[in-house]
Amino acid sequence: MNRTEFLKKTLLAGGAVFAGSALSASAVETTGWPQAQNGKTFNMDYAPHEGMFANHAGKSFTDQIQFMYDQGFRSIEDNGYLNRPVAQQEQIGKLLDKLNMRMGVFVVDGGDNWKTSLTSGKKEFKDNFVATCKRSVEAAKRCNAKWLTVVPGFYDRKLPYGIQMANVVDSMRAGAELFEPHGLIMVLETLSDTPELFLQQTHETFNVCKAVNSPSCKILYDIYHMQKTEGHLLVNMDRCWDEIAYIQIGDNPGRKEPTTGEINYKNVFKHLHKKGYKGILGMEHGNSVAGEQGEKRLIQAYREVDNFL
């Protein structure tokens, strides 16, 4: 799914809770908002998106950020941050600084992510990517961001795979050269949205990062996508651990909050904690239940799976 449409389609859908879930809508209704846990932080650093708590906090993103903080979250993600007006970027950055919260990923998107682009080796696409990276550096400064999502686009079916891989590596090296002096890390995301995407399994992204050989080119390991395309979550994370710099969350099937699908997130988070992961876990998923009740359920789900110590 195109990331620009992600929140619109997932957060508003509000589908039914899966039968196997440890939490239910009725349980939320009877327990109400867990007031005793307001402000209590989590063992891991989970980062919500805009819209996840709009029914409680209102439409203003900064009001939502304040609400997230009040519920114990200490980071946010904002995929579309790069295309926000500069004044709004600065406003978000100032609030995060005031609350001592971290900014998670935003997407380096110059319009070429969801088509055949960098794999082709064409100069026009590389030039646009480099220009977008330069714009991303300035945007990152306004919110003290460290990680930036990069998607190198679709396969070029007219070229051999090895040539496409070399073209992607060449572009990633150009991006890394821009990001390194600023301490920024582009994290390449392996996705399952369409078979046309060039990076679909972790070992492929691992290969790119090893070839680029830069601290500014690493892996974004999205647990939802990787459960769909390859499974063996803990094994594959361990295999590629030295190149993984960022992790995202979503249960499967459905791409909703933990406890709604088949992934044992409590065990996954316990594993990451034991490995010493101190990074952000981006909550890139929808709410399984619509409205205020769904937002309450979301909090309770994270309290449940975060209770692994």
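Asker: Residues and numbers for the environment of Lys141, please.
Answerer: With respect to the helices, strands and loops of the structure, Lys141 is situated in helix H6 (residues 123-141). Remark: the alpha-carbon pair of Lys141 and Leu184, spanning 43 residues in sequence, is separated by 9.9 Å.

Asker: Report on the sheet that holds strand S1 (residues 45-47), specifying residues and quantitative values.
Answerer: With parallel pairing, the seven strands of this open sheet are ordered in space as S1-S9-S8-S7-S6-S5-S4. Here the strands that pair on one side only, and so sit at the sheet edges, are S1 and strand S4 (106-107). Relative to strand S9 (residues 280-283), strand S8 (residues 244-249) runs parallel, the two being bridged by three bridges. In the strand pairing of S9, Ile247 is matched with Leu281. Seen against the sheet, helix H7 (residues 161-179) touches strand S5 (147-150), strand S6 (185-189) and strand S7 (217-222) and runs at an angle of roughly 150 degrees to S6.

Asker: I'd like a description of the packing of aromatic side chains, backed by residues and values.
Answerer: In this structure the tally under the stated criterion is twelve aromatic pairs. For the ring pair Phe53 and Phe67, a centre distance of 5.5 Å and an interplane angle of 45 degrees mean the geometry is tilted. Pair noted here: Phe53 is in the loop between S1 and helix H3 (54-57) and Phe67 is in helix H4 (residues 61-70), with a separation of 14 residues, a long-range link. The pair Phe53 / Phe67 is uniform in exposure class, with both members buried. Ring geometry for Tyr81 versus Phe106: centroids 5.1 Å apart, planes at 50 degrees, classification tilted. Placement of the pair is Tyr81 in the loop between strand S2 (75-76) and helix H5 (86-99) and Phe106 in strand S4, with a sequence separation of 25 residues.

Asker: Report on the nonpolar core, specifying residues and quantitative values.
Answerer: Formed by 72 residues in total, the largest nonpolar core has its most connected members in Tyr46, Met172 and Phe269. Not counting residues within four places of it along the chain, the set of residues in contact with Phe269 comprises Met44, Tyr46, Ile249, Leu281, Val305 and Phe308.

Asker: Lay out the packing of H7 against helix H8 (residues 202-212) in plain terms, naming residues and giving numbers.
Answerer: At their nearest, the axes of H7 and H8 sit 9 Å apart, and the two run at 55 degrees to each other. As summarised for this structure, H7 and H8 are arranged oblique, according to the angle between their axes. Seen along the crossing, H7 lies across H8 with a hand that is right-handed. In this structure, H7 contributes Tyr161, Met165, Val168, Val169, Met172, Arg173 and Ala176 to the contact, and H8 contributes Glu204, Asn207, Val208, Ala211 and Val212. Of the residues contributing to the contact of H7 with H8, the split by class is nine nonpolar, one polar and two charged.

Conventions adopted
- Residues numbered from 1 in each chain as written.
- Predicted model: local features only at pLDDT ≥ 70, side-chain atom pairs only at ≥ 80, totals over all residues.
- Heavy atoms only, no water.
- Helix = DSSP H or I, 4+ residues; strand = E, 2+ residues; numbered from the N terminus.
- Pairing = 2+ DSSP bridges.
- Contact = heavy atoms within 4.5 Å.
- Axes fitted to C-alpha atoms, helices over the stretch in contact; angles between N-to-C directions.
- Phe/Tyr/Trp six-rings, centres within 6.5 Å; stacked < 30°, edge-to-face > 60°.
- Buried < 20%, exposed > 50% of the residue type's maximum accessible area, 1.4 Å probe, protein only.
- Core = buried A, V, L, I, M, F, W, Y, C linked by side-chain atoms within 4.5 Å.
- Parallel < 35°, antiparallel > 145°, perpendicular 65-115°, else oblique.
- Left-handed = near helix turned anticlockwise from the far one by under 90°.
- Nonpolar A, V, L, I, M, F, W, Y, C, P; charged D, E, K, R; others polar.

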